[in-house]
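Examining the three-dimensional arrangement
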Amino acid sequence: MTKSRYYFMLLLKAAGAKIAQRRLAEATHELKLLKEAQEIIGFHNSDHIETIDELKTEYWEIKGIQSKIEKIEEEEESIEESLQEAIAKRSEIFLQGDDKIQTLNNEIMKLVEEREIQLERRMKIFSEGKRVRKVYDGFKSKMDYLKVEVNEDDSQLKETANQIDECISNLGQLKNDRDIVVSQIEKIEEDINIKEETLEKIKGDSEFESFANNTDVGGQNKKLSELRREKSALKNELGKNVRHVGKFLFANRRDEDVRSCIKSHRQVLHQAAELRKSIILNHKIVDRDVELSSEG
């Protein structure tokens, strides 16, 4: 083989690798869209699945979770209205009193809002940590199996070991992120306490004291934070049920009972089916199998 022909073959090989990489990237993106489409199908049709035996549990769980969320939102609205009234009243008193009191109050409210943001970040980090841990456990089980079933130099062992190391690295990073957020929350709460103590010291106006004694703004803020955390957890649980329903409806979309239950977003159903075909096609182009049984 001539040198020019050798380099030409290398260029062809590189071009083929790029095409394969692009096709797999497209398939990965399409799989994400497919899952989102299934979630939309589940969300908009969960009211119509009671007649499907396989989804009866999810139907009543979704109903129960939605009811709890509605009650929490009603309580949230009531507390927020009370807080708005309290804040408006307190602002009125502040305008008549010391500017320093108003400044401190504004700073405390900003800190409370920042604490809510950090608490939400902590919850997301915790959820991601649970997900990565499940992935890690899966790879550990795979490694235990491979150690028995394959040779020590099998490429799967090395690949699985690398995947386990990546999970460990991700878990370590998540732990660091969590520690940083926890430290920030503690610092914010310390700042809130300091400012509230300062505020107490400078409150001398009898009208303000009378108002403060009859308005538990701090307690209401705390209750609001608790309700939001509870609602966030319920929404996560609702999402799991909705995604399960969507996957089932999509996977069984040709069944007569399922077709009669899909009342909304039928166009999304067709788009999801086309995405599934495209994912399979992209994998076939690069000569790779893809497991989509769980995705319909």
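Residues numbered from 1 in each chain as written. Predicted model: local features only at pLDDT ≥ 70, side-chain atom pairs only at ≥ 80, totals over all residues. Heavy atoms only, no water.

Counted according to the given criterion, the structure contains 1 aromatic pair. The ring of F250 has R253 lying over it, and the distance from NZ or CZ to the ring centre is 4.0 Å. (Phe/Tyr/Trp six-rings, centres within 6.5 Å; stacked < 30°, edge-to-face > 60°. Lys NZ or Arg CZ within 6 Å of the ring centre and 35° of its normal.)

This part is about the pattern of salt bridges. For the structure on display, the rule yields 12 salt bridges. Between K231 and E73 there is a salt bridge; the shortest N-O distance is 3.9 Å. Of the two residues, K231 is situated in helix α6 (residues 217–251) and E73 in helix α2 (residues 56–96); the sequence distance between them amounts to 158 residues. Judged by its relative accessible area of 33%, E73 falls in the partly exposed class. A salt bridge links D179 to K175, with the nearest nitrogen and oxygen atoms 3.2 Å apart. Of the two residues, D179 and K175 both sit in helix α4 (residues 155–202), 4 residues apart, roughly one turn of that helix. Taken together, the shared-partner salt bridges in this structure form one network comprising E73, E76, E80, R228 and K231. (Salt bridge = Lys/Arg side-chain N within 4 Å of Asp/Glu carboxyl O. Helix = DSSP H or I, 4+ residues; strand = E, 2+ residues; numbered from the N terminus. Buried < 20%, exposed > 50% of the residue type's maximum accessible area, 1.4 Å probe, protein only.)

Turning to the nonpolar core, a few remarks are in order. Core analysis: the biggest nonpolar cluster contains 24 residues, and I49, I52, L55, L238, V245, L249 and V258 have the highest contact counts within it. Elements with a minimum of two residues in this core: α2, α6 and α7 (256–261). Beyond its immediate chain neighbours, meaning those up to four positions away, I52 contacts F248, L249, D257, V258 and C261. Residues I125, L146, L157 and I164 belong to the second largest nonpolar core, which totals 13 residues. (Core = buried A, V, L, I, M, F, W, Y, C linked by side-chain atoms within 4.5 Å. Contact = heavy atoms within 4.5 Å.)

Quick look at the confidence of the model for the chain now. With 73% of its residues at a pLDDT of 70 or more, the chain has an overall mean of 78. At the low end of the mean pLDDT range in the chain sits helix α5 (residues 206–213), at 54; at the high end sits α4, at 88. Within the model, pLDDT remains below 50 along residues 6–17, and this stretch shows 1 contact once partners closer than five positions in the same chain are excluded. (pLDDT = per-residue confidence, 0-100.)

Helix length check: α4 (48 residues) gives 71 Å between terminal C-alpha atoms against 70 Å at 1.5 Å per residue, within 8%. All of the buried residues in α4 are L157, T160, Q163, I164, C167, L174, V181, I185, I188, I192 and L199. Packed against the buried residues of α4 are α3 (99–149). (Expected span 1.5 Å × (residues − 1).)

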